[in-house]
Amino acid sequence: MAEEYLNYRNKRLFIENVDFEKLVNKFGTPLYVYSFSELTKNIKAYQEAFSSCKTLFCYACKANSNFELLRIIGRSGFGADIVSGGELFVSLKAGISPKKIVYSGVGKRGDEILYALNSDILMFNVESEEELLEINRIAISLNKKARISFRINPDVDPETHHYIATGLALSKFGIDIKEAEKLYQKAARLKGIEVVGCQMHIGSQLTKLSPIIEAAHKLVGLVKKLNKKGIKISLLDLGGGLGITYKNEKVPALSMLAKRILPLIEELGVTLILEPGRSIVGNTGVLLTKVLYLKNKRNKNFVIIDAGMNDLIRPSLYDAYHEIIPCVNKSNKMIKADIVGPVCESGDFLAKERAMPFVNNNSYLCVRSAGAYGFSMASNYNFRLKPAEVLVKGDKYYLIRDRENLSDLLVNQKTAVGV
Ligand SMILES: *Cc1c(COP(=O)(O)O)cnc(C)c1O
């Protein structure tokens, strides 16, 4: 298996050195399980590939905002790329220095901008002129200067799913590269603004280098023009987006990315910022789930499991593919089945028409590559309880988030007194 931490011993699945059965017996299912060794391997891969230049890696928290994972990622030297006041709060609590936090997103609210300014974060990645003016206004009211970059929309096709492509001209993200110079000049004149950076993020699950390089080229051209005009760019943020292997995608090595990027930016003297999310956590996690029932209708098989779209929405949302393997791999008989959850929606499936070994009810399945955009997109739809999360390190395991319980469903609910 691509993930070194997953292996069968006597046909039973081990996660690092822990038997899956220990985990499901102790913590129940559905259960997210993360590998410490894989996580640290992915972090180091970035640090090593780019070791020859000044860098800041800002982990995109939205990929997985589990508090303990954030603490581990922060301890390794990474900063954070946040997209909300909530992510700022949790990142700071996890010990990440505000000096390593960049703030992205098209819809930053005034109170969130105020919070970020008061926290003295490194940089706002600004996505519109109106947002620029709002940040300027709030910064002046605090007698501060907000460090900003613009998120530039370089108009390249990242060749990924259209829901996760963000760098095309007509996407809601970023500012048109044609407008950029004018906006930078305007920003440079504002009292509450200090221009420091230039940013892009063209999409997610990118499996080709050429769109990234093409976009980076455009940004470098812009930075040179700005520097000539006296607008000094010291932070060049090329975003995140590098893909992972879900099925058989070939993902370019980080060393290749570094090899193509570093010569481009060398003469600029900038600090390179990257905002990886999926490529840090995607393959570090799996979702363990129990088979509840088997059902056959007109020769179509359904494997009904206890994890649903509320636990892992990627297949429903993006038609995403997740490898699903049995936790006990005994059967030689293959079947084709839809693997579906208990949620009352036809769109609630984890796999369609999937060839898989025959499994009995009460057996367990492992949904691979579920570490990114898994738990962080989980909801309580159908009033299902959000799953627990466990971290495995060697032969040890740690509960890093409790499974929700029924009374959690009543938190924040209010009575309309007098109705
Ligand atoms: C989501 C996001 C990222 C991370 O993307 P991945 O594909 O998970 O690496 C980085 N930067 C911004 C602005 C994002 O919105």
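Predicted model only: the values in this text are computed from it and were never measured. (Residues numbered from 1 in each chain as written. Predicted model: local features only at pLDDT ≥ 70, side-chain atom pairs only at ≥ 80, totals over all residues. Heavy atoms only, no water.)

1. Some thoughts on unusual backbone geometry
- T29 connects to P30 through a cis peptide bond whose omega is -10 degrees.
- Here P30 is to be found in the loop between α1 (20-27) and β4 (31-35).
- With a phi close to 60 degrees, N143 is a non-glycine residue in the positive phi region.
- Among the secondary structure elements, N143 is positioned in the loop between α6 (129-141) and β9 (146-153). (Helix = DSSP H or I, 4+ residues; strand = E, 2+ residues; numbered from the N terminus.)

2. Section: the state of the cysteines
- On inspection of all chains with the given rule, the structure shows 0 disulfides.
- The structure places no disulfide on C58, whose sulfur is separated from the nearest cysteine sulfur, that of C61, by 9.3 Å.
- Given the relative accessible area of 0%, C58 is considered buried. (Disulfide = S-S within 2.5 Å. Buried < 20%, exposed > 50% of the residue type's maximum accessible area, 1.4 Å probe, protein only.)

3. Observations regarding the environment of N405
- Structurally, N405 can be placed in the segment after β21 (396-401).
- On the basis of relative accessible area, N405 is assigned to the partly exposed category, the value being 38%.
- C-alpha separation for the pair N405 and L385, spaced 20 residues apart in sequence, amounts to 6.4 Å.
- At 2.7 Å, the side chain of N405 and the side chain of S407 are in polar contact. (Polar contact = N/O pair within 3.5 Å; in protein donor to acceptor, adjacent residues only side chain to side chain.)

4. Description of the site of the ligand
- Residues in close proximity to the ligand total 14 residues, the closest being K62, S204, E275, R278 and Y373.
- R278 is positioned with one of its backbone polar atoms (N or O) 2.7 Å from an oxygen atom of the ligand.
- Classifying every residue of the shell around the ligand by side-chain character gives 3 nonpolar, 6 polar and 5 charged. (Near = heavy atom within 4 Å. Nonpolar A, V, L, I, M, F, W, Y, C, P; charged D, E, K, R; others polar.)

5. What about α6?
- For α6, built from 13 residues, the straight-helix expectation of 18 Å at 1.5 Å per residue is met to within 8% by its first-to-last C-alpha distance of 19 Å.
- Taken residue by residue, α6 has E131, L132, I135, N136, I138 and A139 as its buried positions.
- Backbone geometry just downstream of α6 places N143 in the positive-phi region, at approximately 60 degrees. (Expected span 1.5 Å × (residues − 1).)

6. Here we look at the sheet that holds strand β1 (residues 6-9)
- Here 3 strands make up an open sheet; going across it, the order is β1-β2-β3 and the pairing antiparallel. Either end of the sheet is taken by a strand with one partner, and the two such strands are β1 and β3 (18-19).
- Note: β1 against strand β2 (residues 12-15), 4 bridges, orientation antiparallel. In the sheet register, L6 faces β2, and the bridge partner there is I15. (Pairing = 2+ DSSP bridges.)

7. Details of helix α3 (residues 67-75)
- Here α3 has its buried residues at L69, L70, I72, I73 and G74.
- The N-cap of α3, judged by a side-chain oxygen 2.9 Å from the amide nitrogen of E68 a few residues on, is N66.
- Positive backbone phi, approximately 110 degrees, marks G77, located one or two places after α3.

8. Considerations on the nonpolar core
- Core analysis: the biggest nonpolar cluster contains 100 residues, and F124 and Y184 have the highest contact counts within it.
- Element by element, the count of residues in this core is highest for helix α8 (residues 210-228), at 9 residues.
- Inspection of this core shows a minimum of three residues originating in each of domain 1 (6-35 + 282-410) and domain 2 (36-281).
- For F124, the residues in contact, after removing those within four places along its chain, are Y103, K108, I113, A116, L117, I135, A146, R147, I148 and S149. (Core = buried A, V, L, I, M, F, W, Y, C linked by side-chain atoms within 4.5 Å. Domains from an automatic or database assignment. Contact = heavy atoms within 4.5 Å.)

9. Notes on the packing of aromatic side chains
- Scanning the entire structure with this criterion turns up 9 aromatic pairs.
- An aromatic cluster is built from Y46, F50, F57 and F78, whose rings are joined through pairwise contacts.
- Against the face of F14 rests R9, its NZ or CZ located 4.5 Å from the ring centre.
- Against the face of F36 rests K393, its NZ or CZ located 4.5 Å from the ring centre. (Phe/Tyr/Trp six-rings, centres within 6.5 Å; stacked < 30°, edge-to-face > 60°. Lys NZ or Arg CZ within 6 Å of the ring centre and 35° of its normal.)

10. A closer look at the domain arrangement of the chain
- What the domain assignment reports for the chain is domain 1 (6-35 + 282-410) and domain 2 (36-281).
- A separation of 32 Å is found between the C-alpha centroids of domain 1 and domain 2.
- In this assembly, 25 residues from domain 1 lie in contact with 23 residues from domain 2.
- Both faces combined, the contact of domain 1 with domain 2 buries some 2100 Å², and carbon together with sulfur accounts for 55% of it.
- The tally of links from domain 1 across to domain 2 stands at 15 residue pairs in polar contact (both at pLDDT 80 or more). (Buried area = accessible area lost by both parts, 1.4 Å probe.)

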